[in-house]
Number of protein chains: 2
Amino acid sequence: MPDRLGPPRETPLFKRITLIGLGLIGSSIARAVRHLKLAGTLVAADASPAVIARVSELGLADIATTDVAEAVTDADLVILCVPVGAYAEVAATIAPRLKPGAIVSDVGSVKAAAIAQLSPHIPPGVHLVPAHPVAGTEHSGPDAGFATLFIDRWSILTPTDDTDPAAVNAVRGFWRALGSNVEVMTAQHHDLVLAITSHVPHLIAYNIVGTAADLEEVTQSEVIKFSAGGFRDFTRIAASDPTMWRDVFLNNKEAVLEMLGRFNEDLAALQRAIRWGDGQTLFDLFTRTRAIRRNIIAVGQETPEPDFGRRRGEDSTGQ
Amino acid sequence: MPDRLGPPRETPLFKRITLIGLGLIGSSIARAVRHLKLAGTLVAADASPAVIARVSELGLADIATTDVAEAVTDADLVILCVPVGAYAEVAATIAPRLKPGAIVSDVGSVKAAAIAQLSPHIPPGVHLVPAHPVAGTEHSGPDAGFATLFIDRWSILTPTDDTDPAAVNAVRGFWRALGSNVEVMTAQHHDLVLAITSHVPHLIAYNIVGTAADLEEVTQSEVIKFSAGGFRDFTRIAASDPTMWRDVFLNNKEAVLEMLGRFNEDLAALQRAIRWGDGQTLFDLFTRTRAIRRNIIAVGQETPEPDFGRRRGEDSTGQ
């Protein structure tokens, strides 16, 4: 799987790009935009003075400022990279300064709520093209980003029926330049798909780590020592940014509850199979799930190397 | 974290070691034993001719045979590395050939059931020292093993009150030689600890991958494409060996159902928090679980590198 960005462009894709929020995703975009020279001028805005100080130290943008309204002045592309819970406030702040023809996009993990919170503030002549790059790690903040984060991942665009096709194409070109594949779907369908591929997995990972923390028969030290048996992989997911994920669940309630209902039904059936000693039901499911893993590897969304904290490449015995 | 085995020993720990079952764990032990010269003679036995043919090709043992009874003749240490469901049959097969003073151990993920199935067959003068190295990957078979699998992992020994302490010490020394830490506890406590750190995590991973496979509103292609959002990590766990895991759930029923009950209670509370828009409850849990992750990294059971299928080391832009 390719893991390098291409060479810098001779002419930028946008004269001026403004990123609002320089966390993991925002700072990864900044690094890639700088490396590829996708912007004539790259502006980084964040309400946190500490984040902006760090962005300046790291040299992630041409201009770094805590003045979010000023930051969007004259921008051709504005990308919100803040938790969804902050969208309405940010949109109200920047709306008066957006220039006609500007594109406003975002990277949020929920899209119907994103549109509901942004669109009332978007002035006529400004194009809203909601986007969600399906990529990330469990780390947060401007130091956590890296320029290759989006390579071979999928970015989903969820324009509405009346979005200007030229604006959609411009955002598509932006994500392709970052190495991402692009798919267009409705916000509603996005929210349903991501509920099962991302939101519910995060919820149950958070949940089991919490359950383990509350046990009285098993010590925390034991949970931690013996985590290599599977639990460890859940703690990785359960270390993801709390604010971002709170906002995801509050803003994709219906789809998450629907998918969680199905998960619970299926889990009840497995629980019953265990109680009654029905080995065939267990074996059949466990065999079926292996095939899905193979498909994920086949389409390049994962490598086949084993990883339970120990990789074959680390085997120094030559055997 | 050290990832290399030490130099070979000048004198072996055991004159003759027999491994029964050359899958991921058995073949990893074989590789480490060969590299470290822990056995005067290493015998590999597996009921499958195909596995034994592969073991011979790979040169994993001094003797490789499908005759499991013959394989244990004169062995000082016999380690069962087969699914727990096969224990009783294997024990009955080898019992008449075990020599006085021999140690029989295993690597099974459940321990009370392992003792219940093995001990009736163990002849007087032979020592049963059940063990469980908490290490593994999602791959199976003799090609999947590697010698460094156990380094810095924990191996749990679950002797009974009347087990010969010298035999326990010998097995402890064996696992230490493979780079593992060793802890001794009762089989009952082991089964409870592993239910939460390993068995329930596997069950819910299998379950959500199954749920996703059965959705009619979301295509398989979508589940696979957008798996980078969290789902992918579950598919890794849900690709683990079906036979082994069926046997785990059938043989640790009470502890798994107990821990699953608590998981379900906690999940119901989270579900309610989402339904009622209780962001504080979500945020508090998500913050608490981050601390557990930090502890797992602090004690060396994981590295801090982010891994949602994309590592910082792959960032070739120098940013």
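Residues numbered from 1 in each chain as written. Chains lettered and ligands numbered in written order. Predicted model: local features only at pLDDT ≥ 70, side-chain atom pairs only at ≥ 80, totals over all residues. Heavy atoms only, no water.

Named according to an unreviewed UniProt entry, chain A is prephenate dehydrogenase originating from Chelatococcus composti. We quote the UniProt Pathway (unreviewed entry) comment for chain A here in full: "Amino-acid biosynthesis; L-tyrosine biosynthesis; (4-hydroxyphenyl)pyruvate from prephenate (NAD(+) route): step 1/1." Of chain A, the UniProt comment under Catalytic activity (unreviewed entry) reads exactly: "prephenate + NAD(+) = 3-(4-hydroxyphenyl)pyruvate + CO2 + NADH". (UniProt positions renumbered as here; feature names shortened; annotations may be inferred.)

Q: If you had to explain the interface of chain A and chain B to someone new, which residues and values would you point to?
A: It is common to give the size of an interface as the accessible area that goes away when the parts come together. Taken together, the 127 residues of chain A in the interface contact 127 residues of chain B. Taken together, both faces of the contact between chain A and chain B bury some 12100 Å²; the carbon and sulfur share is 63%. Connecting chain A to chain B are 10 salt bridges. Here Arg262(A) ties to Glu217(B) by a salt bridge, and the two come within 2.9 Å at their closest N and O atoms. Across the chain A-chain B interface, the total number found is 32 residue pairs in polar contact (both at pLDDT 80 or more). (Contact = heavy atoms within 4.5 Å. Buried area = accessible area lost by both parts, 1.4 Å probe. Salt bridge = Lys/Arg side-chain N within 4 Å of Asp/Glu carboxyl O. Polar contact = N/O pair within 3.5 Å; in protein donor to acceptor, adjacent residues only side chain to side chain.)

Q: Just give me the short version of the pairing of strand β8 (residues 154-157) of chain A, but keep the residues and values in it.
A: Taken residue by residue, a regular strand's side chains alternate between the two faces of the sheet. Residue and element names in this part refer to chain A. Side chains Trp154 and Ile156 project from β8 onto one buried face, and the interleaved Ser155 and Leu157 project onto a second face that is buried too. When β8 meets strand β9 (residues 181-184), the two strands line up parallel, connected through 4 bridges. Bridging from a neighbouring strand, Ser155 pairs with Val182 of β9. This β-α-β element, β8 to helix α6 (residues 165-177) to β9, shows right-handed connectivity. (Buried < 20%, exposed > 50% of the residue type's maximum accessible area, 1.4 Å probe, protein only. Helix = DSSP H or I, 4+ residues; strand = E, 2+ residues; numbered from the N terminus. Pairing = 2+ DSSP bridges. Right-handed = clockwise from strand over helix to strand, strands pointing away.)

Q: Help me get a handle on the side chain of His190(B), residues and values and all.
A: All names here are of chain B. Relative to the elements of secondary structure, His190 occurs in helix α7 (residues 187-213). With relative accessibility at 0%, the residue His190 sits in the buried group. Side chain to side chain, His190 and His132 meet in a polar contact 2.7 Å long. In contact with His190, not counting residues within four places along its chain, are Ser109, Val110, Lys111, His132, Ile156, Thr158 and Met185.

Q: Break down the sheet that holds strand β8 (residues 154-157) of chain B for me, citing the residues and quoting the values.
A: Residues and elements named next belong to chain B. Reading across from one edge, β7-β8-β9 is the order of the 3 strands in this open sheet, with mixed pairing throughout. Each edge of the open sheet is held by one strand with a lone partner, namely β7 (131-134) and β9 (181-184). Averaged over all pairs of adjacent strands, the angle between strand axes in this sheet comes to 20 degrees, irrespective of strand direction. (Axes fitted to C-alpha atoms, helices over the stretch in contact; angles between N-to-C directions.)

Q: Go over the packing of aromatic side chains, please, and point to the residues and values.
A: Inspection of every chain in the model, using the stated rule, returns 15 aromatic pairs over all chains. Chaining the aromatic ring pairs together yields one cluster made of Phe14(A), Phe150(A), Phe174(A) and Trp175(A). The ring of Trp154(B) has Lys225(A) sitting right over it, with the charged end atom 4.3 Å from the ring centre. (Phe/Tyr/Trp six-rings, centres within 6.5 Å; stacked < 30°, edge-to-face > 60°. Lys NZ or Arg CZ within 6 Å of the ring centre and 35° of its normal.)

Q: Help me get a handle on the sheet that holds β8(A), residues and values and all.
A: All names here are of chain A. On the basis of which strands lie adjacent, the open sheet formed by 3 strands has the order β7-β8-β9 and mixed pairing. Looking at which strands have only one partner, the edges of the open sheet turn out to be β7 (131-134) and β9. Averaged over all neighbouring strand pairs, the angle between strand axes comes to 20 degrees, with direction disregarded. Direction of pairing for β7 relative to β8: antiparallel, over a ladder of 4 bridges. Paired with His132 across the bridge in β8 is Ile156. Its contacts with the sheet place α6 against β7, β8 and β9, and it is angled at close to 170 degrees to β8.

Q: Account for the relation of the copies chain A and chain B, naming residues and giving values.
A: Here the two chain copies are tied together by a rotation about an axis and a shift along that axis. When chain A is brought onto chain B, the operation consists of a screw motion whose angular component is 180 degrees and whose axial shift is 0.0 Å, with 0.0 Å RMSD remaining. The operation mapping one copy onto its partner corresponds to a two-fold rotation axis. Proximity to the rotation axis, assessed at the C-alpha, singles out Asp233(A) in chain A; its C-alpha lies 3.5 Å from the axis. A high fraction, 100%, of the interface residues of chain A reappear at the interface in chain B, so the copies pair face to face through one surface. (Least-squares fit on C-alpha atoms with pLDDT ≥ 70 in both.)

Q: Any chance you could break down the domain arrangement of chain A for me, citing the residues and the numbers?
A: All names here are of chain A. By domain assignment, chain A separates into domain 1 (14-185) and domain 2 (190-298). Centre-to-centre, using C-alpha coordinates, domain 1 lies 30 Å away from domain 2. On the domain 2 side, the residues contacting the 17 residues of domain 1 number 14 residues. Interface of domain 1 and domain 2: buried area, both sides summed, is about 1200 Å²; carbon and sulfur atoms make up 62% of it. Considering only the side of domain 1, the residues that lose the most area to domain 2 are Ser109, Val110 and Glu138, jointly responsible for 42% of the buried surface there. The tally of links between domain 1 and domain 2 comes to 1 salt bridge. The interface formed by domain 1 and domain 2 holds 7 residue pairs in polar contact (both at pLDDT 80 or more) in total. Elements supplying a minimum of two residues to the side of domain 1 that touches domain 2: α5 (112-118) and β7. If one sorts the elements of the side of domain 1 that touches domain 2 by residue count, α5 sits on top with 3 residues. Here the residues of the side of domain 1 that touches domain 2 sort into 9 nonpolar, 6 polar and 2 charged. (Domains from an automatic or database assignment. Nonpolar A, V, L, I, M, F, W, Y, C, P; charged D, E, K, R; others polar.)

Q: Any details on the pattern of salt bridges? Residues and values, ideally.
A: Under the defined criterion, the tally for this structure stands at 30 salt bridges over all chains. Across the salt bridge formed by Arg293(A) and Glu138(B), the nearest N and O atoms sit 3.6 Å from each other. With Arg293(A) in helix α12 (residues 279-298) and Glu138(B) in the loop between β7 and β8, this pair bridges two chains. Assigned by exposure class, Arg293(A) and Glu138(B) land together as buried. Taken together, the shared-partner salt bridges in this structure form one network comprising Glu216(A), Glu217(A), Glu258(B) and Arg262(B).

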